[in-house]
Amino acid sequence: MVRLLLVDDQEIIRQGIKSLLESQSDFEVVGEAGNGKQAISQVEALHPDMVLMDVRMPIMDGIAATKAIVQKFPQVKILILTTFDDDEYISEGMKFGAKGYLLKDTPLEPLANAIRLVNAGHTHLGPGLFEKIITIKNETTTVKKSTPPRELEELTPREKEVLCLIANGANNREIAKNLFISERTVKNHVTSILTRLNLRDRTQAAIFANSFRQFLN
């Protein structure tokens, strides 16, 4: 059973979505919220598996709420469900930890499938939205590649070597062998790299390194 929290400032929309979702035997709507601030409180009180989050809402919007929920309750998955396919909303939502982005006019079957996929740990974007994400990332990377980010200046030469090897897909053992250091030392370098670059995991580190590889060599 997937326990869902619906967040939308329009009650009639919430009721419509609730009616659709509760027609599925594996979904349970455990709560509702009319803005991002209420959503955070409801997540804390109800511990849902997933939040279906609108974007434009009073008091606190869905993007800010997504960021706060992911930071405080990382086990709760966020699926943005909105009427807006604005590039900035998509980019910011995914940046702050949303696992999916769908439009409200999505039919029941693909919506239900998206919820199941996100609940299982996958990322899901509605039709046409994947292309938007790729375009945004390419445009951002093109701009950033012209100058190195300030964070790179904080890395030591050894940390840059480790980062390059992470970008090549090497694990800690392979990095240790390549650089003639211990695996514990590698782990310390990786932790330092993630902290200095403000990244969540090795995947983000690899993406970062590939984007700015010209400044690491």
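Up top you'll find the structure we're talking about.
The rules behind the values
- For every chain, the first residue of the written sequence is number 1, and numbering continues from 1 along that sequence.
- This being a predicted model, a pLDDT of at least 70 is required before a residue's local features are given, and a value of 80 or more before pairs of side-chain atoms are given or counted; all residues contribute to the totals for chains, interfaces and linings.
- For the side-chain quantities, the full set of heavy atoms in the structure was used; hydrogens and water were omitted.
- Orientation is described by lines fitted to C-alpha atoms, with helices fitted over the stretch in contact, and by angles between N-to-C directions that extend from 0 to 180 degrees.
- Strands here mean DSSP runs of E at least two residues long; helices mean DSSP runs of H or I at least four residues long; both are numbered from the N terminus.
- Note on angle classes: values under 35 degrees are labelled roughly parallel, values over 145 roughly antiparallel, values of 65 to 115 roughly perpendicular, and the remainder oblique.
- We call two residues in contact whenever any of their non-hydrogen atoms come within 4.5 Å of each other.
- Note on residue classes: Ala, Val, Leu, Ile, Met, Phe, Trp, Tyr, Cys and Pro are nonpolar, Asp, Glu, Lys and Arg are charged, and everything else, Gly too, is polar.
- Salt bridge, as used here, is a side-chain nitrogen of Lys or Arg placed within 4 Å of a carboxyl oxygen of Asp or Glu.
- Buried residues are those whose accessible area, probed at 1.4 Å on protein chains only, stays under 20% of the maximum for their type, while exposed residues exceed 50% and partly exposed ones sit between those limits.
- Strands qualify as paired when DSSP identifies two bridges or more between them.
- Here the term right-handed applies to a crossover when the path leading from its first strand over the helix to its second strand runs clockwise, the strands being oriented away from the viewer.

### Regarding the packing of helix 8 (residues 172-179) against helix 9 (residues 183-197)
So, point 1. The contact between helix 8 and helix 9 brings their axes to 9 Å, and the two run at 110°. In terms of orientation, helix 8 and helix 9 fall into the roughly perpendicular class. Note on element contacts: helix 9 touches helix 8 through Glu 183, Val 186, Lys 187 and Val 190, opposite Asn 172, Arg 173, Ile 175 and Ala 176.
So, point 2. Looking at the contact of helix 8 with helix 9, its residues break down into four nonpolar, one polar and three charged.

### Here's the deal with the pattern of salt bridges
So, point 1. All chains considered together, the criterion is met by nine salt bridges.
So, point 2. Ionic pairing is found between Asp 26 and Arg 116, a salt bridge with its closest N-O pair at 2.7 Å. A residue pair is termed long-range when its members are at least 10 positions apart, and Asp 26 in the loop between helix 1 (11-21) and strand 2 (27-33) and Arg 116 in helix 5 (residues 108-119) qualify at 90 residues.
So, point 3. When its relative accessible area of 29% is taken as the criterion, Arg 116 is described as partly exposed.
So, point 4. As a salt-bridge pair, Glu 161 and Arg 158 come within 2.9 Å of each other at their nearest N and O atoms. Of this pair, Glu 161 and Arg 158 both sit in helix 7 (residues 157-167), three residues apart, roughly one helical turn.
So, point 5. When salt bridges that share partners are traced, they join Asp 8, Asp 54 and Lys 104 into one network.

### Quick word on the sheet that holds strand 1 (residues 2-7)
Whether parallel or antiparallel, the strands of a sheet pair through hydrogen bonds between backbone atoms.
So, point 1. The strand order across the open sheet formed by six strands is 2-1-3-4-5-6, and the pairing between neighbours is parallel. Strands with a single pairing partner mark the edges of an open sheet, and in this sheet they are strand 2 and strand 6 (124-125).
So, point 2. Note: strand 4 (residues 77-82) against strand 5 (residues 100-103), four bridges, orientation parallel. In the strand pairing of strand 5, Ile 80 is matched with Tyr 101.

### Here's the deal with the pairing of strand 1
So, point 1. Burial analysis of strand 1 places five of its six residues in the buried class, which makes it a mostly covered element.
So, point 2. Where strand 1 lies against strand 2, six bridges are found, and the strand directions are parallel. Within strand 2, the position partnered with Leu 4 by the bridge is Val 29.
So, point 3. The parallel pair strand 1 and strand 2, bridged by helix 1, forms a crossover whose chirality is right-handed.

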